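# Examining the three-dimensional arrangement
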Amino acid sequence: MNHDAYDDAYIAGILNSVRTIAVVGASANDVRPSFFVTKYLIAKGYEVFPVNPGHAGKEILGRMTYASLADIPVAVDIVDVFRASSAVPAIVDEVLKLDPLPKVVWMQLTVRHDEAAARAEAAGIKVVMNRCPKIEYARLAGEIGWTGVNSGVISSKRPVMRQGFQSFGIRAK
């Protein structure tokens, strides 16, 4: 797969088909990007599991924090990686030991590791690199346009209301 550009249908298909997200590198610090991405995803109705060994056993945004992916008591659909690119191979190793496997390994902005991505894809896991699910959700739902940012998505369709704060959902193409 070409990880330099993603089709909107690919991203929308992922965000519309998943319910549980593990945020690896989640922070309790409310000025960190991982904190407000976690908060946004919770507001959109996703079940989010923060993963941070230094904060394990405590809560972030009312959600119990886990030391590792294996500690999460339910299967997760997405593993969202908020760690440096150099940490991705070890995270993918941990992902490949899960049963069942997640549907997606999602690497945040500036995070990319092509070899680890190839291993995940070889196991049947979709991969997104150098993208933020919060930004992609807002862009595809038309929310970014509310702040005057050109999202590149033009639609005359009335948005489909979903649960969550100001959530219109993602437009399927």
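The paragraphs below set out a description of the structure included in this document. (Residues numbered from 1 in each chain as written. Predicted model: local features only at pLDDT ≥ 70, side-chain atom pairs only at ≥ 80, totals over all residues. Heavy atoms only, no water.)

Turning next to the nonpolar core. Leu69 and Met107 are the most contacted members of the largest nonpolar core, which totals 53 residues. Not counting residues up to four positions away in its chain, the partners in contact with Leu69 are Ala22, Val24, Val51, Val79, Ile91, Glu94, Val95 and Leu98. (Core = buried A, V, L, I, M, F, W, Y, C linked by side-chain atoms within 4.5 Å. Buried < 20%, exposed > 50% of the residue type's maximum accessible area, 1.4 Å probe, protein only. Contact = heavy atoms within 4.5 Å.)

The next point concerns helix H2 (residues 33-43). Among the residues of H2, those classed as buried are Ser34, Phe35, Val37, Thr38, Tyr40, Leu41 and Ile42. Residues of H2 that are buried in the fold lie against strand S1 (20-24), strand S2 (47-51), strand S3 (59-60), strand S4 (63-64), strand S5 (78-81) and helix H5 (133-141). (Helix = DSSP H or I, 4+ residues; strand = E, 2+ residues; numbered from the N terminus.)

The subject of this paragraph is the environment of Arg119. Considering the arrangement of structural elements, one finds Arg119 in helix H4 (residues 114-122). Residue Arg119 is classed as partly exposed on the basis of its relative accessible area of 33%. As for Arg119 and Val92, which are separated by 27 residues in sequence, their C-alpha atoms are 7.8 Å apart. Those residues in contact with Arg119 that sit more than four places away from it in its chain are Pro89, Val92, Asp93 and Leu96. At a separation of 2.7 Å, a polar atom in the side chain of Arg119 contacts the side chain of Asp93. (Polar contact = N/O pair within 3.5 Å; in protein donor to acceptor, adjacent residues only side chain to side chain.)

Among the residues of helix H1 (residues 8-17), those classed as buried are Tyr10, Ile11, Ala12, Ile14 and Leu15. Among the residues of H1, the N-terminal cap falls to Asp7, whose side-chain oxygen and the backbone nitrogen of Ala9 are separated by 3.1 Å.

Let's shift gears to unusual backbone geometry. Among all residues except glycine, the phi angle is most often negative; among peptide bonds, the trans geometry is most common. With an omega of 5°, the peptide bond running from Asp99 to Pro100 counts as cis. On the secondary structure map, Pro100 appears in the loop between helix H3 (88-96) and strand S6 (104-107). Despite not being glycine, Asn130 has its phi angle at roughly 60°, a positive value. Asn130 gets classed as partly exposed once you look at its relative accessible area, which sits at 37%.

Summarising the element assignment, Thr38 is placed in helix H2. Given the relative accessible area of 0%, Thr38 is considered buried. A distance of 2.7 Å separates the side chain of Thr38 from the backbone oxygen of Ser34, its partner in a polar contact. Look past the residues within four positions of Thr38 in its chain and what remains in contact with it is Val23, Ala26, Val48 and Leu61.

Contact pair H1 / H5: the axes reach a minimum separation of 10 Å and the direction vectors enclose 105°. When the axes of H1 and H5 are compared, the pair comes out roughly perpendicular. Of the residues in H5, those in contact with Asp8, Ile11, Ala12 and Leu15 of H1 are Pro133, Glu136, Tyr137, Arg139 and Leu140. Here the contact of H1 with H5 is composed, by residue class, of six nonpolar, no polar and three charged. (Axes fitted to C-alpha atoms, helices over the stretch in contact; angles between N-to-C directions. Parallel < 35°, antiparallel > 145°, perpendicular 65-115°, else oblique. Nonpolar A, V, L, I, M, F, W, Y, C, P; charged D, E, K, R; others polar.)

Moving on to the pairing of S2. Taking burial as the measure, the five residues of S2 include four buried ones, the bulk of the element. Bridge count between S1 and S2: five bridges; the pairing is parallel. If you follow Val23 over to S2, its bridge partner there is Pro50. Tracing the backbone out of S1, into H2 and back to the parallel element S2 gives a crossover that is right-handed. (Pairing = 2+ DSSP bridges. Right-handed = clockwise from strand over helix to strand, strands pointing away.)

Now for the environment of Ala141. By the element assignment, Ala141 lies in helix H5. Of the residues examined, Ala141 reaches a relative accessible area of 2% and is grouped as buried. Distance from Ala141 to Ala12, taken between C-alpha atoms, is 9.3 Å for residues 129 residues apart in sequence.

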